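Secondary and tertiary structure notes
What follows is the residue order along each chain.
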Amino acid sequence: MGCIVLNHVEKRYGKDKLYAVKDFNLEIEDGEFLVMVGPSGCGKSTTLRMIAGLEDISSGEIFIGDRLVNHLPSKDRDIAMVFQNYALYPNMNVYENIAFSLRMRKLPKHEIDLAVKKAARTLEIENFLGRKPKELSGGQRQRVALGRAIVRSPQVFLMDEPLSNLDAKLRVQMRTELIKLHKQLGVTTVYVTHDQVEAMTMGSRIVVMKDGIVQQVDTPQKIYLNPANMFVAGFMGSPPINFIEGKLLESPEGLLEFHTKQYALAIPASQSNRLIEKRKVNRVVTIGIRSEHVHLDPAYRDAHPRSQIPGSHKISEFMGADLFLYADIGASNLFIARADLDQSYDDNEKVTLTLDLRKALYFDTDTGENLMQ
């Protein structure tokens, strides 16, 4: 069984015992593709290295299958790692690189040959078995590194930013290949990345980390639509979510209005009731709303007269299938809306942004907590 369990795992450094990872608790299911994501220095690679046995843990327990592996050396944990820099032997050809770990285990030559050729077929690198790493492209080298991991038939694959050295087009291609490979092999995979697009497209579940602490563990859809806090909402999603800070005041109808110095927005009934339950009347909160829920269409504006923000166009970003408009609304950051592809805007042109507040997220400004949970 390739399940992994981390119980209260921590890593502390130096005389001051500064936390790199703090109270990490997680159960990774057999056959799962789990992605750990967060900014540089958040502790994701350190956690992966602790699972691998390349980094000692300060406290806690790590199980792989039914074995406590705290004190087991890496070679005895039945794991295979794929690194960012490929870590291929430059003096060996592709066949020899893939076969190396099997030769170290002194397997019979015919078994090694069958395993190497099977991995090469799976990864479509059969024609490169006689080449040295320097004769391969970045994508081909990464496939060789994957082949070397596959032939070991481990319980667990551990991947530390394996695509970060590839160009953008090849990264997209290799993401697809890795997902296909995981479905084919069914091996438990823990994948570390700082790229939230990789995390969203690859993981069956995602662990979002910040400052050594787990912020949220959930499916990509739930993390995107229902983030636990402002950090997760701001880190996950491209373009980033819009945030606005304001005060909640009660309207004559008994619902809530969101007030800033420039405008007031009518909060829909279901959100109003939840915020009243949370005792947020007359409190400052932060609304988060994604660009796809910000509308520029005059017809939408007329249908939602109390959901509007005035702004002025600053930048338009054409992304092929999408056009994003960045507007100045008098806040610290530009506000982003998804616009129609056939629209064009002049510099500083006045625009009206209509927010679908039914899809908005509401956060405690002080703690960052999602108030809708």
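The structure under discussion appears in the preceding block.
A few points on the structure. Just so it is clear, the structure is predicted and the values come from calculations on it, not from any experiment.

What counts, and where the lines are drawn
Residues numbered from 1 in each chain as written. Predicted model: local features only at pLDDT ≥ 70, side-chain atom pairs only at ≥ 80, totals over all residues. Heavy atoms only, no water. Helix = DSSP H or I, 4+ residues; strand = E, 2+ residues; numbered from the N terminus. Buried < 20%, exposed > 50% of the residue type's maximum accessible area, 1.4 Å probe, protein only. Contact = heavy atoms within 4.5 Å. Areas by Shrake-Rupley, 256 points an atom, 1.4 Å probe, with all protein chains shown as cover. Lys, Arg positive; Asp, Glu negative; His and termini not counted. Charge placed at Lys NZ, Arg CZ, Asp CG, Glu CD. Polar contact = N/O pair within 3.5 Å; in protein donor to acceptor, adjacent residues only side chain to side chain. Pairing = 2+ DSSP bridges. Axes fitted to C-alpha atoms, helices over the stretch in contact; angles between N-to-C directions. Parallel < 35°, antiparallel > 145°, perpendicular 65-115°, else oblique. Left-handed = near helix turned anticlockwise from the far one by under 90°. Core = buried A, V, L, I, M, F, W, Y, C linked by side-chain atoms within 4.5 Å. Salt bridge = Lys/Arg side-chain N within 4 Å of Asp/Glu carboxyl O.

Our focus in this paragraph is the overall build of the protein. Helices and strands together make up the secondary structure of the protein, namely 10 helices and 20 strands. The C-alpha extent of the protein, read off along each of the three principal axes, is 80 × 50 × 35 Å. By residue count, 47% of the 373 residues in the protein fall in the buried class. For the protein, long-range pairs separated by at least 24 residues make up 65% of all intrachain contacts whose partners lie at least 6 apart in sequence. Summing over all exposed atoms, the protein offers an accessible surface of approximately 18600 Å²; the carbon and sulfur share of this is 49%. Each charge class in the protein can be summarised by its mean position, and for the 47 positive and 47 negative side chains these summaries are 7 Å apart.

Another aspect to go through is helix 2 (residues 94-104). Regarding helix 2, the residues found buried are V94, Y95, N97, I98, A99, S101 and L102. Each element contacted by the buried residues of helix 2 is listed here: helix 3 (109-123) and helix 4 (138-150). Capping the start of helix 2, N93 holds a side-chain oxygen 3.2 Å from the backbone nitrogen of Y95, two or three residues further along. The positive-phi residue at the C-terminal boundary of helix 2 is K106, with phi of around 60°.

Here the focus is the pairing of strand 19 (residues 350-355). With two bridges connecting them, strand 15 (residues 294-295) and strand 19 associate as antiparallel partners. Looking across to strand 19, one finds that V294 is bridged to L355. Summarising the sheet, strand 16 (residues 308-318) and strand 19 pair through five bridges and their orientation is antiparallel. Bridge pairing links Q308 to T354 in strand 19.

Looking now at the sheet that holds strand 11 (residues 242-250). Each strand in a sheet pairs with its neighbour through backbone hydrogen bonds, running either in the same direction (parallel) or in the opposite one (antiparallel). On the basis of which strands lie adjacent, the open sheet formed by five strands has the order 13-12-11-14-20 and antiparallel pairing. Every interior strand has two partners, whereas the edge strands, strand 13 (264-266) and strand 20 (361-364), have only one. Ignoring which end each strand starts from, the neighbouring axes of this sheet average 40° apart. Pairing analysis gives four bridges linking strand 14 (residues 284-289) to strand 20, with the strands arranged antiparallel.

Turning our attention to the packing of helix 2 against helix 4. Running from N to C, helix 2 and helix 4 point in directions that differ by 30°, and their axes come no closer than 7 Å. Taken together, the axes of helix 2 and helix 4 lie roughly parallel to each other. In the packing of helix 2 onto helix 4, the handedness of the crossing is right-handed. Contact with helix 2, carried on its side by V94, N97, I98 and S101, involves V144, G147 and R148 of helix 4 and no other residues of that element.

Glancing now at the nonpolar core. V94, I98, I125, Y191 and M236 are the most contacted members of the largest nonpolar core, which totals 45 residues. Apart from residues no more than four positions distant in its own chain, M236 is found in contact with V37, Q196, A199, M200, I206, V208, I223, Y224 and R290. With 29 residues, the next largest nonpolar core counts Y263, I309, F335 and A339 among its residues.

So, about the pattern of salt bridges. Taken as a whole, this structure holds 13 salt bridges when the rule is applied. One salt bridge in this structure joins K180 and E177, with 3.6 Å as the shortest N-O distance. Residue K180 and its partner E177 are both found in helix 5 (residues 168-185); the two are separated by three residues, about one turn of the helix. Because the salt bridges share partners, they merge into one network encompassing K11, R49 and E55.

This paragraph deals with the side chain of E257. In this fold, E257 is placed in strand 12 (residues 256-259). Note on E257: relative accessible area 13%, which makes it buried. When neighbours within four sequence positions are excluded, E257 is seen to be in contact with K247, L248, L249, S251, L265, I267 and R306.

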